[in-house]
Amino acid sequence: MSTRLVGPRPAESWRRLAWLVLALVVLALQMGCATGAPLGGNQGDYRYRPLVPHGVKAAPSSRRSPNRPLPERDVEALGGAVVGERARQVEAAQREGRGPEVDEAAREAEVDRAVARVVGLCSGVEEVEAVLVFTFWVEGGALTQVGYQEARGGGRAGRPVNGEGLMRILRQVFTDYVGRRTGEVVLRLRREETRWVVDYDATRSSGRPPEARSLPVRTQGTPADTFLAFHEAAGKWASAVRVPAGGGARVELEVWLEDGRLAGWELREVRRTREGAGGAPRPLSPETMGHLVQALLPFTEGLGARTVHVVLNAEHRPGEVEARGRVQFARVDRPPRPTGPSWYLSMHESVLLRWREGVVEGSAWLAQWGVEELTLWLVGGIIAKGLGFFATEGLEWVTRALGREPEAAAGWLRTALKRLPGEERATFEQLWGKVLLEGEQALSRSERKALRGFFVRLEQAIQQPLDVDLKGKLREEARKYYAELYPRFAELLEKEGKELPIHHRRPLQYAHLFPDENINAGENLAMLQKYVHEEINFLWGRFRKARPNPTADDVRRAAEAIDRQFEPWYHRAADSPGMLKTVDEAREAALRELRSRFRGLE
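This is a predicted model, so every value here is computed, not measured.

Colleague: Give me the overall build of the protein chain: which residues, what numbers.
Modeller: For the protein chain, the helix and strand inventory stands at 19 helices and 10 strands. Counting all 602 residues of the protein chain, 52% fall into the buried class. Sequence separation of 24 or more characterises 73% of the internal contacts of the protein chain that already satisfy a separation of 6 or more. Summed over all atoms, the accessible surface of the protein chain reaches about 28,100 Å², with 50% contributed by carbon and sulfur.

Pasting the structure below:
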């Protein structure tokens, strides 16, 4: 995937040239050309206040070699948490197939992106005493921006700032102070006459936001399709906003994100804050919309579905054709509870890591997973997105089954999918994987129709009796699953074969009467000796004659009666010496109970 990103627009008037040079440097960084080496120039001209944040000692300013052990003073400076955090990250990197060197490269890329984006937003600010505040969640070297705020200065424009010095100190902050910790960090930049004063607070206590990442991403900049989607949306936002001539307006916007994608937006309010001299209302300038996009793009680094609430202040100056504006603040508004189980979010981040870095095409990487893991991930995505996707007329049992806990829902889906042809199952996996990786909006109209139609056909299929071939396949899978569920029996099951059958407590013949339940669930399976299984089959044969068209309740009550008598033989490869009754006695007792419950049973 392309990672091209456009840099900030230069300021007007006599400062254009200075900011244009800086913008080109930022553009090079954001397009993936950053090397981490100094960019040249007279860095000594840039003066900054020494960085001594609240509660954290200052660390050396030089960049540390990725492979060099942390000095003791650095461990102390970072609260003693670095060593354990680093060990955890190395372990996670190895678990994900990424070595320590690759992990460090990803950390460097995170810093490069954060520095380029902060400098880009600073580049358009000239007013002395203006303050920009960036809030990040930092974990495992990943920098997830969760808030942005800008406060106007006193109106007087300062002189040009040496941007390379700002880059240098920001890189020091993100590398030496921020990147090795876990928690919220607030970065504050205040504009002075010829420089930016940088400070940060790493002591705030806050809960981990659900969109936070824990795996750093190696790519530079923003994917081109995301960048273009935001600029296309910005054109629509701009066309809907007008500022009073000579006056001001407050624009409130909600932007809906899903992972790194723009899922939608809503213009909540355009309110006049100052009346002008009169005349036709003025549109927002392209520079203003470019700044808005630039402020929003860092929020695409998060995970899951979320809303970014944005407020932009705009004003029109007499004599100018268009209105100017700056983002006052942007923050993530979260639902009361994070969507999706925590294990799914971790798995989803791991998949997106490959997707974003282009290590392996997402769908190809998913294809390497086992059936168990893939189905669990698919179900996790369904739960995380909510069942609103399945609000299709005619669906009842599918939504009920998928609304259960992930493991139960995944087991049901594995079994249910077998009732459809193999080609159709493959199509489903492909389309739903595309939804999870690229969003529902990535589906064409025909693909969306096909996916919804798939679930309608599945709803119909699970209510039909199983044919002979499918029963055989499900019995084979039940045997394999039982061996995984009870590994102490695995070798015995392979050796004894048909002498130790796997019994379905509610028979496969009646699976269609329980369409939202997994007929191969562990609680419905029991290993038996062959002669015991034959006695149980005899009882079910009697039941079928008495009830050729039973209800689900009939089958449930019959299964309970048989279980009560034969449960001592369940999960046993041999008779127990302490048995209180024989198999014949259990059969007769079960037969008496079935006769009392079902008239006509012989």
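Colleague: Just give me the short version of the packing of aromatic side chains, but keep the residues and values in it.
Modeller: Inspection of the entire model under this criterion finds 14 aromatic pairs. Measuring from centroid to centroid gives 5.5 Å for Phe428 and Phe455, while their planes differ by 90 degrees, and the two rings are edge-to-face. With Phe428 in helix 13 (residues 422-438) and Phe455 in helix 14 (residues 445-461), the pair connects residues that are 27 residues apart, well separated along the chain. Accessibility expressed as a relative area gives 1% for Phe428, which makes it buried. With a centroid separation of 6.0 Å and 50 degrees between ring planes, the pair formed by Phe566 and Trp569 is classed as tilted. Like Trp569, Phe566 is buried. One aromatic cluster is present, built from ring pairs that chain together Tyr510, Trp540, Phe543 and Phe598. A cation over an aromatic ring shows up here: Arg506 above the ring of Phe514, its NZ or CZ 4.5 Å from the ring centre. Here Arg587 stacks its cationic end above the ring of Phe538, 5.9 Å away from the centre of that ring.

Colleague: Quick one: what's the story with the packing of helix 18 (residues 552-566) against helix 19 (residues 583-597), residue by residue and with numbers?
Modeller: Packing of helix 18 against helix 19 brings their axes to within 9 Å, and their N-to-C directions diverge by 155 degrees. With respect to each other, helix 18 and helix 19 are oriented roughly antiparallel. Read as a crossing pair, helix 18 and helix 19 show a hand that is right-handed. Along the contact surface, helix 18 presents Arg557, Ala558, Ala561, Ile562, Arg564, Gln565 and Phe566, while helix 19 presents Val583, Ala586, Arg587, Ala589, Ala590, Glu593, Leu594 and Arg597. Each residue belonging to the contact of helix 18 with helix 19 can be placed in one class, and the counts come to 9 nonpolar, 1 polar and 5 charged.

Colleague: Go over the pattern of salt bridges with me, naming the residues and quoting the values.
Modeller: On inspection of all chains with the given rule, the structure shows 36 salt bridges. The closest approach of N and O atoms between Glu593 and Arg597, which form a salt bridge, is 3.5 Å. Of this pair, Glu593 and Arg597 both sit in helix 19, 4 residues apart, which is roughly one turn of the helix. Overall, Glu593 belongs to the buried group, its relative accessible area being 16%. In this structure Arg597 comes out as partly exposed when scored by relative accessible area, which is 30%. Each member of the salt-bridge network shares a partner with another, and the members are Glu110, Arg113, Arg117, Arg213 and Glu301.

Colleague: Break down the sheet that holds strand 6 (residues 261-274) for me, with residues and values.
Modeller: Pairing is antiparallel across the open sheet formed by 8 strands, whose spatial order is 4-3-1-2-8-7-5-6. The sheet is open, and its two edges are formed by strand 4 (196-201) and strand 6, each paired on a single side. On average, adjacent strands in this sheet sit at an angle of 20 degrees to one another, irrespective of strand direction. Two strands pair when backbone bridges link them, and strand 7 (residues 305-315) and strand 8 (residues 324-333) are joined in this way by 9 bridges, in the antiparallel orientation. Counted as the bridge partner of Val308 is Val332 from strand 8. Of the strands in this sheet, strand 5 (248-258) and strand 6 are in contact with helix 6 (residues 224-239), which crosses strand 6 at around 30 degrees.

About the criteria used
Residues numbered from 1 in each chain as written. Predicted model: local features only at pLDDT ≥ 70, side-chain atom pairs only at ≥ 80, totals over all residues. Heavy atoms only, no water. Helix = DSSP H or I, 4+ residues; strand = E, 2+ residues; numbered from the N terminus. Buried < 20%, exposed > 50% of the residue type's maximum accessible area, 1.4 Å probe, protein only. Contact = heavy atoms within 4.5 Å. Areas by Shrake-Rupley, 256 points an atom, 1.4 Å probe, with all protein chains shown as cover. Phe/Tyr/Trp six-rings, centres within 6.5 Å; stacked < 30°, edge-to-face > 60°. Lys NZ or Arg CZ within 6 Å of the ring centre and 35° of its normal. Axes fitted to C-alpha atoms, helices over the stretch in contact; angles between N-to-C directions. Parallel < 35°, antiparallel > 145°, perpendicular 65-115°, else oblique. Left-handed = near helix turned anticlockwise from the far one by under 90°. Nonpolar A, V, L, I, M, F, W, Y, C, P; charged D, E, K, R; others polar. Salt bridge = Lys/Arg side-chain N within 4 Å of Asp/Glu carboxyl O. Pairing = 2+ DSSP bridges.

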